[in-house]
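# Topology and contacts: notes
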Amino acid sequence: TMQYLRLPSTLILHINRAQPDGTRCEITVEFGETIDLSELGTKWHFGQPFDRNLSPCPTGYHLFGAVFHRGPTARAGHYYSYILEAEGHPRFDHDQDQDRC
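Criteria and thresholds
Residues numbered from 1 in each chain as written. Predicted model: local features only at pLDDT ≥ 70, side-chain atom pairs only at ≥ 80, totals over all residues. Heavy atoms only, no water. Helix = DSSP H or I, 4+ residues; strand = E, 2+ residues; numbered from the N terminus. Buried < 20%, exposed > 50% of the residue type's maximum accessible area, 1.4 Å probe, protein only. Contact = heavy atoms within 4.5 Å. Areas by Shrake-Rupley, 256 points an atom, 1.4 Å probe, with all protein chains shown as cover. Core = buried A, V, L, I, M, F, W, Y, C linked by side-chain atoms within 4.5 Å. Phe/Tyr/Trp six-rings, centres within 6.5 Å; stacked < 30°, edge-to-face > 60°.

### Quick look at the overall build of the protein
- The helix and strand inventory of the protein stands at zero helices and eight strands.
- Counting from the amino terminus, the protein carries its helices and strands in the arrangement β-β-β-β-β-β-β-β.
- Within the protein, the proportion of its 101 residues that are buried is 17%.
- Taking the contacts inside the protein whose residues are at least 6 apart along the sequence as the reference set, 42% of them involve residues at least 24 apart.
- Accessible surface, the protein: about 8,200 Å² in total, of which carbon and sulfur atoms supply 53%.

Right under this line is the structure:
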């Protein structure tokens, strides 16, 4: 079991779905708008997490963006992102400015 001393102010998770043969795992990944590391069985080195100033800090994070890859293999395809805004989830990519979803 991994133990943590300090937590970042912004949590970035990378879910690698690429397979060794170049294909990708097609299992659907579902996630909510919040994640609480304490609910995932995370262990804290001193019984509670600290921030970078070594002050006790919360273990919850709110989602504000996600990056996705769509393509036939891990080496071919297109990346796009969704950024959470008050009006909804706009989609941004390098081929078009904005596409409301």
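### Describing the nonpolar core
- Leu7, Leu37, Trp44, Cys57 and Tyr61 together form the largest nonpolar core, which totals five residues.
- With sequence-adjacent residues up to four places away left out, leucine 37 is seen in contact with Leu7, Leu11, Thr42, Trp44, Thr59 and Tyr61.

### Some words on the packing of aromatic side chains
- Tallying each qualifying case throughout the model produces four aromatic pairs.
- Centroid distance tyrosine 80 to tyrosine 82: 5.8 Å. Interplanar angle 80 degrees. Geometry classified as edge-to-face.
- Given the relative accessible area of 10%, tyrosine 80 is considered buried.
- Owing to a relative accessible area of 22%, tyrosine 82 belongs among the partly exposed residues under this scheme.
- Following the ring pairs from residue to residue traces out a cluster consisting of Phe31, Phe68, Tyr80 and Tyr82.

### Some details on unusual backbone geometry
- The backbone of leucine 54 sits at a positive phi, close to 60 degrees, despite the residue not being glycine.
- Tracing the backbone shows leucine 54 in the loop between β3 (43-44) and β4 (60-62).

### Concerning the environment of alanine 18
- Along the chain, the position of alanine 18 falls in the loop between β1 (3-4) and β2 (34-36).
- The class for alanine 18 is partly exposed, based on a relative accessible area of 37%.
- As a C-alpha pair, alanine 18 and arginine 75 span 57 residues in sequence and 9.1 Å in three-dimensional space.
- Other than its neighbours up to four places away in sequence, alanine 18 contacts Thr23, Arg24 and Ala74.

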